[in-house]
Amino acid sequence: MSDSVEPSTTESTGLAVDVLVIGWGKGGKTLARTLGSSGTRVALVEQSESMIGGTCINVACVPTKTLIHQAAVKPEATPPAEWFTTSVEARDALIGKLNTRNRELVEEAPDAVIVMGKAAFLDPHTVEVTQGEDRLRITADTIVINTGTVPAGPPIPGADSPRVHDSTTIQHASPFPERLAIVGGGYIGLEFAGMFAGFGSEVTVIDPGERILPREDDDIAAGVTEHLEAAGVTFLMGSAVSAIEDTGDAALVRTEDGHAVEAEAVLLAVGRSATTAGLGLGRAGVEVDERGFVRVDDTLRTSAEHIFAVGDINGGPQFTYVSLDDHRIVAGQLTGDGTRRRSDRAAVPNTMFLTPPLSRVGINEQQARAEGLSVLVAAKPVAQIAAMPRPKILGNPTGMIKFVADPDTRELLGATVWCVDSQEVINLLALAMRAHVTVDALRDGIWTHPSSTEALNEVLGELRPLTV
């Protein structure tokens, strides 16, 4: 067991605590540190040293965005394989530092202990943690499940080839793939497509859909497609993969409609799966849905009243910042006034880190039309926004900015921001929506110059009624 485990408090159970957290994701680790610093006895269980800090820090948000940035700043004269190797080394160094600091943050909490090993329920209040031949039973009044998700493995013949990767292993692809086939054109697939194209790979995205980004407006999806194609990405849409063959020198990805794509590496980017198998949830009385995710109510309680589920494992939006908010809800149930709910969330933004990033909050034009809403809309290509010189300064005037507003209240209903700094601008717009700030106030705001926020001055001045 981990050196962080304190001596057993009772002979029969090994360790007794007030709160047991299973899994080191954002919500779980924040709960462990917060509660463990305020007099609550907490144990945090993590099965892998390589996942200390959680998915975001180790294999998702931070490492992938590090590589995306490195790909965007690649020196033209540097060979792709050489720059990729340098970038991966920088990625690994950063993650190592974050691992160390994340462990320290929990260890600094006086009443929190870390237990390394795989957890499984024995009964509603008892979990056995296994590490090799070692066993430790932990009893707790309250248990928080925070085990997250892993890349989904579709049942494709040949998917077990060493040339086939998921979103974790592709980050250390060796040798660097001069040609990369990506199965799946969702957020994960497109981020990696842009990244590897930036490093210098010939990338082919294969997806059964009619177009990428089906939930985005047509002009946004078309613009992103054109932008990625210009960067070296080929799209094979309307094609489902039937098999992957290893030819010895490459992988051959075959589709049901007769296409064959040859590449040195294949990335399967078809979503993520719940990690509830092996937890023994049935012995704890915890129900899961048809996809294996833990069922929770509005306060994140499971079907067992004293057991909560936070982060990706509860089937909600798979964002680190949502997991952080999950921690607030559970903390409120345990030590606060208990009023915070999942249903309180409004205007939650998201960003896909292309270069430049694509961010969304609220509804878009496509949704407004589908729902027959009477709204105001405005849209403008970034290159035509005179009041926003920052993208031009940075040499990347790609993108488009779109707004949807209520004609009566003059409040923002949604925004699509595809431009430099969109991951920051969208947070301002989300706050404006939650605070009921009018589009007139945003349009007439005094913003720093040169900044991407200045686009609001110009684009919001062009709001017009949506025509059917």
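Residues numbered from 1 in each chain as written. Predicted model: local features only at pLDDT ≥ 70, side-chain atom pairs only at ≥ 80, totals over all residues. Heavy atoms only, no water.

J.: Outline the overall build of the chain, listing residues and values.
T.: Within the chain one finds 13 helices and 23 strands. In terms of C-alpha radius of gyration, the chain reaches 24 Å, essentially the compact-globule figure of 23 Å for 468 residues. For the chain, the spread of C-alpha atoms along the three principal axes comes to 70 × 60 × 40 Å. When each of the 468 residues of the chain is scored for burial, the buried share is 52%. Pairs at least 24 residues apart make up 64% of the contacts formed inside the chain by residues separated by at least 6 positions. In the form shown here, the chain has an accessible surface area of approximately 20,300 Å², with 51% of it arising from carbon and sulfur atoms. (Helix = DSSP H or I, 4+ residues; strand = E, 2+ residues; numbered from the N terminus. Rg over C-alpha atoms; globule rule 2.2 N^0.38 Å. Buried < 20%, exposed > 50% of the residue type's maximum accessible area, 1.4 Å probe, protein only. Contact = heavy atoms within 4.5 Å. Areas by Shrake-Rupley, 256 points an atom, 1.4 Å probe, with all protein chains shown as cover.)

J.: Now, about the environment of Asp134: what can you tell me, with residues and values included?
T.: Of note, Asp134 is situated in strand β6 (residues 134-145). Here Asp134 falls in the partly exposed class, since its relative accessible area comes to 38%. For the pair Asp134 and Pro79, spaced 55 residues apart in the sequence, the C-alpha separation amounts to 48 Å.

J.: Help me get a handle on the side chain of Thr204, residues and values and all.
T.: Following the sequence through the fold, Thr204 ends up in strand β10 (residues 202-207). With near-sequence residues (within four places) excluded, Thr204 lies in contact with Leu180, Ala181, Ile182, Thr234, Leu236 and Val261.

J.: Can you tell me about the sheet that holds strand β15 (residues 265-268), naming the residues and giving the values?
T.: An order of β8-β15-β9-β10-β11 is seen for the 5 strands of this open sheet, with the pairing classed as parallel. Strands with a single pairing partner mark the edges of an open sheet, and in this sheet they are β8 (164-165) and β11 (233-237). Sheet topology places β10 next to β11; 5 bridges connect them, and they run parallel. Looking at the pairing, Val203 lines up with Val233 of β11. (Pairing = 2+ DSSP bridges.)

J.: Can you lay out the confidence of the model for the chain for me, pointing to particular residues and giving the numbers?
T.: Averaged over all residues, the pLDDT of the chain equals 96, while 97% of them reach at least 70. When the criterion is pLDDT under 50, residues 6-12 qualifies, and its contacts beyond four places in sequence or with other chains add up to 9 contacts. (pLDDT = per-residue confidence, 0-100.)

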